Amino acid sequence: MARAVAIAGLAAAAVTMGAPTALAGTSPTTEGCYSTWGNTGSNGHCQSVARTGDFQNQIDCSLLGDSSIWYLFNKGASKPSWGYVECTFSANRSWINFRLH
C-alpha cells in the first residue's frame, strides 16, 4: 500500500512539473496607458490619457515576430480595454508606444 501511494505521489509531481506555467505581466505606464499580457495575448488600457496622440499596444512574440495595433486617443480619454493583439505561440512581454498626432 505504501509503495502504491509513493508511486502515485511521484506521478502527480511529474504531471505538475511538466505543465506549462502561465506568464503574465503589466507594462510601465506611457502617457496614461499601459498594457497587460498573458500566455498568447495582450490588451491595452488607458486611464486619463495625458496627451493627445497615437498609442500602440505592441507584443513581443516568442515565435514569428511582434504584433501591434494603433489607436488615437485625445487628452483626458479613458478606455479600460482596447487594442487586443495576439501571438501564435506565446508572448514574452508587451508595452505601449506613443507618438504625437
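Okay, so let's go over this structure. (Residues numbered from 1 in each chain as written. Predicted model: local features only at pLDDT ≥ 70, side-chain atom pairs only at ≥ 80, totals over all residues. Heavy atoms only, no water.)

**A closer look at the side chain of asparagine 43**
By the secondary structure assignment, asparagine 43 is in strand S3 (residues 41–46). Under the relative-accessibility criterion, asparagine 43 is labelled buried at 15%. If near-sequence neighbours (up to four positions away) are discounted, asparagine 43 is found in contact with Tyr34, Ser35, Thr36, Asn57, Ser81, Trp82, Gly83 and Tyr84. (Helix = DSSP H or I, 4+ residues; strand = E, 2+ residues; numbered from the N terminus. Buried < 20%, exposed > 50% of the residue type's maximum accessible area, 1.4 Å probe, protein only. Contact = heavy atoms within 4.5 Å.)

**Focus on the packing of aromatic side chains**
Under the counting rule described, the total for this entry stands at 5 aromatic pairs. Centroid distance phenylalanine 55 to phenylalanine 98: 4.9 Å. Interplanar angle 55°. Geometry classified as tilted. Taken together, the residues phenylalanine 55 in strand S4 (residues 53–61) and phenylalanine 98 in strand S7 (residues 91–100) connect sequence positions 43 residues apart. Accessibility expressed as a relative area gives 0% for phenylalanine 55, which makes it buried. Relative accessible area serves as the criterion here: at 22%, phenylalanine 98 is assigned to the partly exposed category. (Phe/Tyr/Trp six-rings, centres within 6.5 Å; stacked < 30°, edge-to-face > 60°.)

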